[in-house]
Every structure is written in C-alpha cells, then in structure tokens.
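# Survey of secondary and tertiary structure
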Amino acid sequence: MDNINELKIPRHIAIILDGNGRWAKKRFLPRAMGHKAGCETLEKTVEDCARLGVEYLTVYGFSTENWKRSEEEVSALMQLFRFYMKKLVGVANENNVKVKMIGDKSRFSQDIIEGIDFLVESTKNNTGMVFIFAVNYGSRDEIRRAVAKIVENKEITANDITEELIASYLDTNGIPDPDLLIRTSGEFRISNYLLWQIAYSEVYITDTLWPDFDKAELLKAIESYNKRERRFGGR
Ligand code: FPP
C-alpha cells in the first residue's frame, strides 16, 4: 500500500452500502442481524473518514424503495435506526462531525423524525467532517421535489434555469459533488442514488459485503481513486 500520508484524500465520498442481507445469510442469521452489523460498520466508517480528513461523507441508509421490503424487515430497520441515531450523536460529537439528513423524512414516525432533528441539532456546531445521511432518499424523488419547488417560485423564469439553480434546489444544496462513489457487495448499479451529483464521480465497486467493510477497504478505494486521471469531460 502507498504511504497513507501521500494519498490524496477525496473531498467527498459517497457510499452505497449493500450486502447486509447476504452477510447474515452466510452466517445463518436473520437479515436484521446483518443490518445491525451494518450499523456498526457505518459508525466505524464515519470515524475512519473523519480521521482521514474526508470533508463530506454521504451514505445511503434507506431508500424510497426500501419500504417495499417485508413488514418485519422494515420494522427491524426502524428499531435499529432509533437506536443508532442516538449512538451517532456521541460518535459525531467525539469526532467533531456535523450530521445532515437528505431525503424525505416526513414518511417516518414522529419519534424517528424527532430523533433525526435532535441528531442534526446537537451536532450543528461541529466544524469537522459533514456526514450526510440519506434516509427515505431517492434521487428521482429529490429531483421531483426540487422541480415542484422551482415551479412554485413565481419569480423564476425559463431563462433563470441554470445547472447552479437546479443544484441549489436539491437536498444537497451547498454540498460539493462526490469525488468518489463506493458500492459494496459487487453490484454494478446506481440504485437511484445522487443521480445529478455523481455526474463526474469516480466509481469504485468492491465485492466485500458492507458489514465486512473496514479501514483497509476504505484505503483500497482511496488508493484506486488516486490512480485515476480525472478529466471532467476534457482531455
Ligand atoms: C443494504 O443491504 C442495506 C440496506 C438497504 C439498509 C440498511 C442500512 C443500514 C444498516 C444503515 C443504517 C440505516 C438505518 C436506516 C438503520 P441489503 O439488505 O440490500 O443486503 P442484500 O443485498 O445482501 O440483501
């Protein structure tokens, strides 16, 4: 491995975490145990990224499509969400991490909405890494909500529609686009994640299942990113 100190750390890393179910299946455990292990990996990854000097980390925690899973699995995920959101307050504050949420939280139960608000509020003065948690997030839904807000603003005319204006109506307003997108468990799909924002992101896919993802894996992804030549469409 290259010397860590010589690695250029991506400013913004986005992650699609995948493979919790397969991880549990391999161990003859219920799927919920895979999600629990996944939450622990998430906690460690937030810490690892903050310590490496990543400025923004965006993680896909729950998609607008995940509601289609069995009632039992959705309810286990909600329980985990309740528990880990509280734990995350401590992890974020210990690591000077500011937490933001993207997605449409209105579909969650009232106590979860309050938990989200508390997590965001109690970390808002932290000045280190920004951890963006995408929950009940879907990129097409985000774009749909942005377009609805633009149309509602009667002062905006067709000439005002620039890329910057559209970006400013997305949930990620003010956050630079991801430099590196990591997907675990070997799937070559974007799954309705940050479609607008990843236009020029480098993509890294690993076969490692999310609960097994660790700092060594993170460094491998960053090393691979360091070998890419980013041209943003130029030559
Ligand atoms: C992907 O594995 C995981 C999810 C779709 C949701 C789980 C998210 C977390 C554990 C992060 C914390 C967030 C919450 C809301 C608790 P999969 O179930 O798709 O795995 P598989 O493809 O192997 O079945």
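Not measured: the values here are computed from a predicted model.

### Considering the overall build of the protein
Helix and strand counts for the protein come out as 7 helices and 6 strands. Listing the helices and strands of the protein from first to last along the sequence gives β-α-α-β-α-β-α-β-α-α-β-β-α. Considering the protein as a whole, with its 235 residues, one finds that 49% of them fall into the buried category. Of all intrachain contacts in the protein linking residues separated by at least 6 positions in sequence, the fraction that spans at least 24 positions is 78%.

### Some details on the packing of aromatic side chains
Scanning the entire structure with this criterion turns up 12 aromatic pairs. When the centroid spacing of 4.4 Å and the interplanar angle of 15 degrees are considered together, the rings of Tyr-60 and Tyr-193 count as stacked. Remark: Tyr-193 occurs in the loop between strand S5 (180-183) and strand S6 (202-205) and Tyr-60 occurs in strand S2 (residues 56-63); sequence separation between them is 133 residues. Given a relative accessible area of 7%, Tyr-60 falls into the buried group. Under the relative-accessibility criterion, Tyr-193 is labelled buried at 0%. A ring pair is formed by Trp-210 and Phe-213, whose centres lie 5.2 Å apart and whose planes are at 20 degrees; its orientation type is stacked. Look at Trp-210 and you get buried, because its relative accessible area is 0%. An aromatic cluster is present here, built from Phe-62, Trp-67, Phe-81, Phe-108, Phe-131 and Phe-133 joined pairwise through their rings.

### Regarding the nonpolar core
Counting 45 residues, the largest nonpolar core has Ile-13, Leu-57, Phe-108, Met-129, Phe-131 and Ile-182 as its most contacted members. No other element matches the 9 residues that helix H3 (residues 71-94) contributes to this core. Beyond its immediate chain neighbours, meaning those up to four positions away, Phe-131 contacts Leu-42, Val-46, Leu-57, Val-59, Leu-88, Val-97, Lys-98, Val-99 and Lys-100. Counting residues in hydrophobic clusters, the runner-up holds 14 residues, among them Ala-14, Tyr-56, Val-130 and Tyr-137.

### A word on the sheet that holds strand S3 (residues 98-102)
Strands sit in the order S3-S4-S2-S1-S5-S6 across an open sheet of 6 strands; the sheet is parallel. The sheet is open, and its two borders are formed by S3 and S6, each paired with just one other strand. Neighbour to neighbour, the strand axes of the sheet diverge by 20 degrees on average, direction disregarded. Of the strand pairs in this sheet, S5 and S6 are connected by 4 bridges, and their pairing is parallel. Looking at the pairing, Leu-181 lines up with Val-203 of S6.

### Topic: the site of the ligand
Near the ligand, the surroundings consist of 15 residues, among which Asp-18, Gly-21, Arg-22, Arg-31 and Arg-69 are the closest. One of the side-chain N or O atoms of Arg-22 is found 2.7 Å from an oxygen atom in the ligand. Arg-31 places a polar side-chain atom, nitrogen or oxygen, 2.9 Å from an oxygen atom of the ligand. In isolation the ligand offers 610 Å² of accessible surface; the protein chains occlude 92% of this area. Mapped by element, the contributors of at least two residues to the shell around the ligand are helix H1 (20-26), helix H2 (31-52) and H3.

### What to know about the pattern of salt bridges
Taken as a whole and judged by the stated rule, the model has 16 salt bridges. Linking Lys-36 and Glu-40 is a salt bridge whose minimum nitrogen-to-oxygen distance equals 3.7 Å. Note that Lys-36 and Glu-40 are positioned in helix H2 at a spacing of 4 residues, about one turn of the helix. Owing to a relative accessible area of 36%, Lys-36 belongs among the partly exposed residues under this scheme. With a relative accessible area of 34%, Glu-40 lands in the partly exposed category. Measuring nitrogen to oxygen at the nearest pair gives 3.0 Å for the salt bridge that ties Arg-145 to Asp-141.

### Considerations on helix H7 (residues 215-227)
Relative to the 18 Å expected for 13 residues at 1.5 Å per residue, H7 spans 19 Å between its end C-alpha atoms, a close match to the ideal helical length. The set of residues buried in H7 consists of Glu-217, Leu-218, Leu-219, Ala-221, Ile-222, Glu-223, Ser-224 and Tyr-225. Contact partners of the buried residues in H7: strand S1 (12-16), H2, S5 and S6.

### A word on the pairing of S3
Taken residue by residue, a regular strand's side chains alternate between the two faces of the sheet. Here 5 bridges tie S3 to strand S4 (residues 130-137), and the two strands are oriented parallel to one another. Bridge pairing in S4 places Ile-102 opposite Ala-134. With helix H4 (residues 110-121) bridging S3 and the parallel S4, this β-α-β connection has left-handed handedness.

Basis of the calculations
Residues numbered from 1 in each chain as written. Predicted model: local features only at pLDDT ≥ 70, side-chain atom pairs only at ≥ 80, totals over all residues. Heavy atoms only, no water. Helix = DSSP H or I, 4+ residues; strand = E, 2+ residues; numbered from the N terminus. Buried < 20%, exposed > 50% of the residue type's maximum accessible area, 1.4 Å probe, protein only. Contact = heavy atoms within 4.5 Å. Phe/Tyr/Trp six-rings, centres within 6.5 Å; stacked < 30°, edge-to-face > 60°. Core = buried A, V, L, I, M, F, W, Y, C linked by side-chain atoms within 4.5 Å. Pairing = 2+ DSSP bridges. Axes fitted to C-alpha atoms, helices over the stretch in contact; angles between N-to-C directions. Near = heavy atom within 4 Å. Polar contact = N/O pair within 3.5 Å; in protein donor to acceptor, adjacent residues only side chain to side chain. Areas by Shrake-Rupley, 256 points an atom, 1.4 Å probe, with all protein chains shown as cover. Salt bridge = Lys/Arg side-chain N within 4 Å of Asp/Glu carboxyl O. Expected span 1.5 Å × (residues − 1). Right-handed = clockwise from strand over helix to strand, strands pointing away.

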